[in-house]
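A look at the structure
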Amino acid sequence: MTTTKDIQHRKQHIMRLLLTNRLQEALALLEPYLVHTADMQLRMRFEQAKTSYQYLLEYMKNGTKDPERNNLHKDLIREMIEVTCLAALLLSDRIEETSLHRKRASYQQRTNKPSKEDIYAMLKGFTENLSITELDPGGNVDYLLHQREEAQAALFEMVRFSDSWQSQEYEFWNDFIADQLIPETDKILLISAVLLSFSHYFDERKLMWLMNTYQLSDQPRLSERALVAISIAFVFHSNILEYYPKTVARLKLFNEDPTFGVKLNKIYYYLLYAKETPRIEKKIKEELFSPLADKQAMDQLKKRMEDMEEGDDMNPDWNLHIDAPDLSKKIEELSELQEQGADVQIATFSQLKGFPFFNKSNNWLLPFDITHSSIYNDYKKAQEKNTTSVYTFIEGLPFCDSDRYSMCFMIGGIPNSQRQMILEQFISQQVDENEEFLKRAKDNKKNFIANRYIHDLYRFFNLSQERLDFENPFKMDIKLHEIEVLKPILQKKEHLQKIAALNMKNQHYLEALDVYDLLVDLSEPTANLYQMMGFCNHKIKWYEEAIECYLKADILKPNNLWTNRVIANSYRLLHEYDKAISYYKKVEEVQPKNKTVIFYLGYCLAQLKRDSEALHYFFKLDFMEENSTRAWRGISWSSFMSGKHEQALRYYNQLLEYNPIEADYLNAAHLHWCLGNTQEALKLYKSFYSLVGKRDTFITSLYKDYERLEEQGLSREDIPLIYDLTLLNSDKERS
C-alpha cells in the first residue's frame with residue numbers, strides 16, 4: 001500500500017464485495033490489507049468476525065437451524081464495512097500523502113491538545129465571564145474572547161478529525177448539547193464538526209447523536225441544522241445505512257410523525273436547489289447584474305423563440321410556476337429564486353471570503369455572533385454612539401452566517417466619513433428589495449434556518465481553503481428518495497411530486513422521469529402526470545416513449561390542445577409525417593392562425609412529396625407573416641419539386657437577398673443547374689462550399705435529395721462533376 005490511491009482502490013474493491021454479500025472473498029482481501037495497520041484492536045475485530053463467520057458456515061453445512069443466521073450475517077458484513085473503512089483511513093494517515101491525512105496525523109501526534117472536558121468548561125463559563133469582565137474597568141475582554149475562540153477551534157478540530165465515538169464520548173456530547181449554559185453558537189459549531197467527520201467515516205453513534213439533537217424541537221436553530229447534517233450524512237453513506245439496525249429503527253420511529261417526512265423532504269429540496277448554485281450564479285451575473293443584460297437577454301430570448309419548436313414549452317396547466325424571463329422584473333425574479341431556496345447571494349459574496357477571519361476553517365460555519373473578536377470592538381464602539389442598528393440590521397438580512405460576517409468586514413473597510421451615508425443607502429435599498437421576502441422569512445423561520453445553513457455549507461465545501469480535504473456533497477448524486485432506509489418516508493406522493501417538479505424546473509429531465517415513474521406506481525395516474533412524463537421523454541429525445549405517454553394522457557383528457565400539439569411534434573421528429581399531420585390538423589381546427597402549426601403542416605406535406613398541398617400552407621404563412629423566410633424557404637422548395645421553376649427561382653432570389661442560410665445557396669444552385677444556368681449554379685455551389693468549409697460535408701450535401709432532384713432534371717451522374725468543378729474553381733481563386 002504505497003499511495004492513497006492504492007488504498008482507496010483496495011477499499012472500494014472490498015466494499016463492492018461486502019455490499020453484494022460476498023463476505024468470504026472480502027475477508028480474504030481484507031486480511032493482508034490489515035497487516036499494514038498498527039491498530040491491534042482493528043485486527044482483533046477482524047479475527048473475531050472471521051471466526052464467527054466460519055462457525056456460521058459450519059453450522060449451516062451441518063444442517064443446524066438458526067433463526068438468527070441472516071441477522072448475524074448482516075451484522076458481520078456491517079462489522080467488516082467499519083473495519084475496512086477505518087483501516088483505509090488509518091493507512092492513509094500513516095502515508096500523509098494528502099492534506100487531510102497530514103492534518104489528521106498531525107492532530108493525533110500533538111501532545112498539548114486541550115481535553116474535551118477543558119473545552120466544555122471554557123465554553124460553559126464564557127457568557128458569565130464576559131458579563132463580569134465587561135463590568136470590570138480593568139477586565140481584559142480581548143483575552144477572554146480569544147480564549148473562547150481557541151476553545152471553539154479546538155472543539156471543531158477534535159470532532160471533525162474523530163473516527164468513531166465510544167459510549168462515554170456519546171454521553172459526554174449529549175450532555176454538552178443539553179447544557180443550557182453552553183452558548184447556542186458553540187452547539188451549532190459542534191453539529192457542523194460532526195457533519196464534516198461523516199465525510200471520511202460513518203459512525204452510527206454520531207448519527208444517533210444528531211437524531212437526538214434533531215428532537216430538540218424547542219431549539220429550531222439546533223434541530224434544523226441537525227436534520228441538514230443527518231441528510232448530508234445519508235448522502236455520504238447512502239449504500240451502507242440498511243446494515244445499521246439502530247438507524248433503521250430510529251427512522252421508523254420518526255416516520256410515525258407525519259411532519260418528519262415533510263421536514264426531511266424540504267431539506268432534500270433545498271439540497272437539490274443548492275446543486276444548481278453554479279447555474280444560478282451564472283444566470284445572475286450574466287442576466288441580472290450585467291449592464292448589457294437587457295439587450296443581450298432580449299437578443300437571446302428572441303433567437304430562442306425563433307429556434308424553439310412549438311410544443312417544447314411546458315404545459316401551463318401544470319402550475320409549476322415557470323415563466324419565460326421577463327426582463328422588466330429582475331428584482332422580482334431574484335426574490336422568487338431566493339424564496340424557493342436558491343443561493344442568490346453567492347455571486348456577490350464569493351468575492352468577499354479573503355478576510356483573515358476565513359483563514360480558520362471553523363469560522364466558515366460559525367453562526368453570526370457579535371461577541372466574536374473580529375466584530376466585538378466595533379460593535380461596542382457603535383453601542384457607545386447608539387448606532388448598533390447596523391449590526392441588528394445585518395443579523396436580520398436574508399443572508400447565511402458566512403455572508404453576514406463578510407458584510408461586517410466589508411463595512412469595516414469603509415472610511416468612517418463615508419460609512420454612515422453608504423450604510424443608509426444600502427439599508428434603504430435592502431429594505432425596499434427584501435421587505436416582502438423578509439416578512440415571509442419571518443413567518444417561515446424554520447425553513448430559512450435550514451436553507452441558510454445549507455448555503456454556509458455550500459461555501460465551505462466550494463470556497464474554503466480546505467475544500468479539497470472533503471468529498472463535496474453538492475457534487476454528488478443526491479437522491480434521498482432512492483436510499484433504501486428512506487423509501488418508507490420519502491416515497492410518498494406529496495413528497496415525490498415536489499422533487500419531480502423541481503427536477504423538471506432545473507431541466508434534469510431524466511431524474512424527473514425516474515420520480516414520475518414512481519408516482520405512476522404510487523397513485524392513480526392523471527393526464528397531467530402522463531403529460532409531464534411525455535415532456536421529459538421528449539426532452540431526452542426518447543420520442544417513441546414520449547408518444548406513448550402523451551397518448552395515455554389523451555385517453556384521460558381527450559382533445560387537449562397542448563397534448564395534440566406535442567404528439568404532432570413527436571411524430572414529426574420520428575419522420576412519421578402522416579400521423580404528425582393528423583394531429584397538427586386537430587390543433588389547426590382550434591387555432592387556425594397558429595403560424596408554427598401552419599408551417600409544420602406544410603413541412604410534413606412537403607416531406608411526403610405532397611407539394612401542391614404544402615404550397616397552400618406555405619403561402620398562407622407568407623400572407624400572415626411579414627418577411628417570413630421560413631415560408632419563402634418552403635414555397636421555393638415545394639415550387640421547385642412540383643415543377644414550378646420560375647416561381648421557385650423568384651423566392652430563392654428573395655431569400656438570397658434577405659437572410660440566406662447555407663441550404664438556400666445549395667438548393668438555389670440545384671435549381672439553376674436544372675434550368676441550365678451553369679455559371680450561376682457553380683457560383684452558388686461555391687458559396688455553399690465556402691460556408692460549410694468541409695469537402696465531406698459538401699459531397700454529402702450534394703447527394704442529399706438526389707432522387708427528388710432527378711425528377712427535376714439534375715442527373716446523379718452530374719454530381720461528381722459539379723463537385724470537381726466547384727473545388728477546381730475554389731482552388732484557383734485561393735492560388
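Residues numbered from 1 in each chain as written. Predicted model: local features only at pLDDT ≥ 70, side-chain atom pairs only at ≥ 80, totals over all residues. Heavy atoms only, no water.

Thoughts on the nonpolar core
Counting 223 residues, the largest nonpolar core has W173, W209, F234, L486, Y516 and Y685 as its most contacted members. Each residue touching W209, except ones within four places of it in the same chain, is listed here: W165, Y170, W173, N174, I177, L190, I191 and V194. (Core = buried A, V, L, I, M, F, W, Y, C linked by side-chain atoms within 4.5 Å. Buried < 20%, exposed > 50% of the residue type's maximum accessible area, 1.4 Å probe, protein only. Contact = heavy atoms within 4.5 Å.)

Details of the packing of helix α9 (residues 167–178) against helix α11 (residues 204–214)
Contact geometry for α9 and α11: axes closest at 10 Å, N-to-C directions at 20°. The angle between α9 and α11 places the two elements in the roughly parallel class. The handedness of the crossing between α9 and α11 is right-handed. Here S167, Y170, W173, N174 and I177 of α9 come into contact with α11, specifically with R205, M208, W209, N212 and T213. Here the residues of the contact of α9 with α11 sort into five nonpolar, four polar and one charged. (Axes fitted to C-alpha atoms, helices over the stretch in contact; angles between N-to-C directions. Helix = DSSP H or I, 4+ residues; strand = E, 2+ residues; numbered from the N terminus. Parallel < 35°, antiparallel > 145°, perpendicular 65-115°, else oblique. Left-handed = near helix turned anticlockwise from the far one by under 90°. Nonpolar A, V, L, I, M, F, W, Y, C, P; charged D, E, K, R; others polar.)

What about the pattern of salt bridges?
Under the criterion given, the structure shown has 32 salt bridges. One salt bridge in this structure joins R404 and D401, with 3.0 Å as the shortest N-O distance. Here R404 and its partner D401 are both found in helix α21 (residues 401–412), three residues apart, which amounts to about one turn of the helix. Through salt bridges that share partners, K103, R160, E466 and D469 make up one connected network. (Salt bridge = Lys/Arg side-chain N within 4 Å of Asp/Glu carboxyl O.)

Section: the environment of D622
Residue placement: D622 occurs in helix α32 (residues 611–624). Along the backbone, D622 and F599 are 23 residues apart, and their C-alpha atoms lie at a distance of 9.6 Å. If we ignore the near neighbours within four places in the chain, the residues touching D622 are S628, A631, W632, I635 and Y651.

Overview of the packing of aromatic side chains
Using the criterion set out here, one finds 46 aromatic pairs in the structure. Through a chain of ring-to-ring contacts, three or more aromatic side chains come together here, namely F355, F357, F358, W364, F368, Y405 and F409. Lying across the ring of Y243, K74 places its NZ or CZ 5.8 Å from the centre. Taking the ring centre of F172 as reference, the NZ or CZ of K116 above it sits at 5.4 Å. (Phe/Tyr/Trp six-rings, centres within 6.5 Å; stacked < 30°, edge-to-face > 60°. Lys NZ or Arg CZ within 6 Å of the ring centre and 35° of its normal.)

Remarks on helix α6 (residues 116–124)
For α6, the set of buried residues is K116, I119, Y120, M122 and L123. Relative to the axis of α6, the buried residues are bounded by an arc of 170° and lie together on one face. For α6, the secondary structure elements touched by its buried residues are α7 (126–135), α8 (141–160), α9 and α10 (184–197). (Arc of directions from axis to C-beta.)

Quick look at the packing of helix α1 (residues 4–19) against helix α2 (residues 23–35)
Taken N-terminus to C-terminus, the directions of α1 and α2 make an angle of 155°; their axes are 8 Å apart at the nearest point. Between α1 and α2, the angle is such that the two are roughly antiparallel. Considering the relative orientation of α1 and α2, their crossing is left-handed. Residues I7, R10, K11, H13, I14, L17 and L18 of α1 form the contact with α2, whose own contacting residues are L23, E25, A26, L29, L30, P32 and Y33. Here the residues of the contact of α1 with α2 are counted per class, giving 10 nonpolar, one polar and three charged.

Brief notes about α7
Buried within α7 we find F126, L130 and T133. Seen from one end, α7 has its buried residues packed into an arc of 70°, which puts them on one side. Across α7 from its buried face, at more than 90 degrees, point the exposed residues E128 and L135.

With respect to the confidence of the model for the protein
Summarising the model, the protein shows a mean pLDDT of 88, and 87% of its residues fall at 70 or more. Overall, residues 291–308 carries pLDDT values under 50, and its contacts beyond four positions in sequence, including any with other chains, amount to 13 contacts. Throughout residues 321–328 the model reports pLDDT below 50, and contacts reaching past four residues in sequence, or to other chains, amount to seven contacts. (pLDDT = per-residue confidence, 0-100.)

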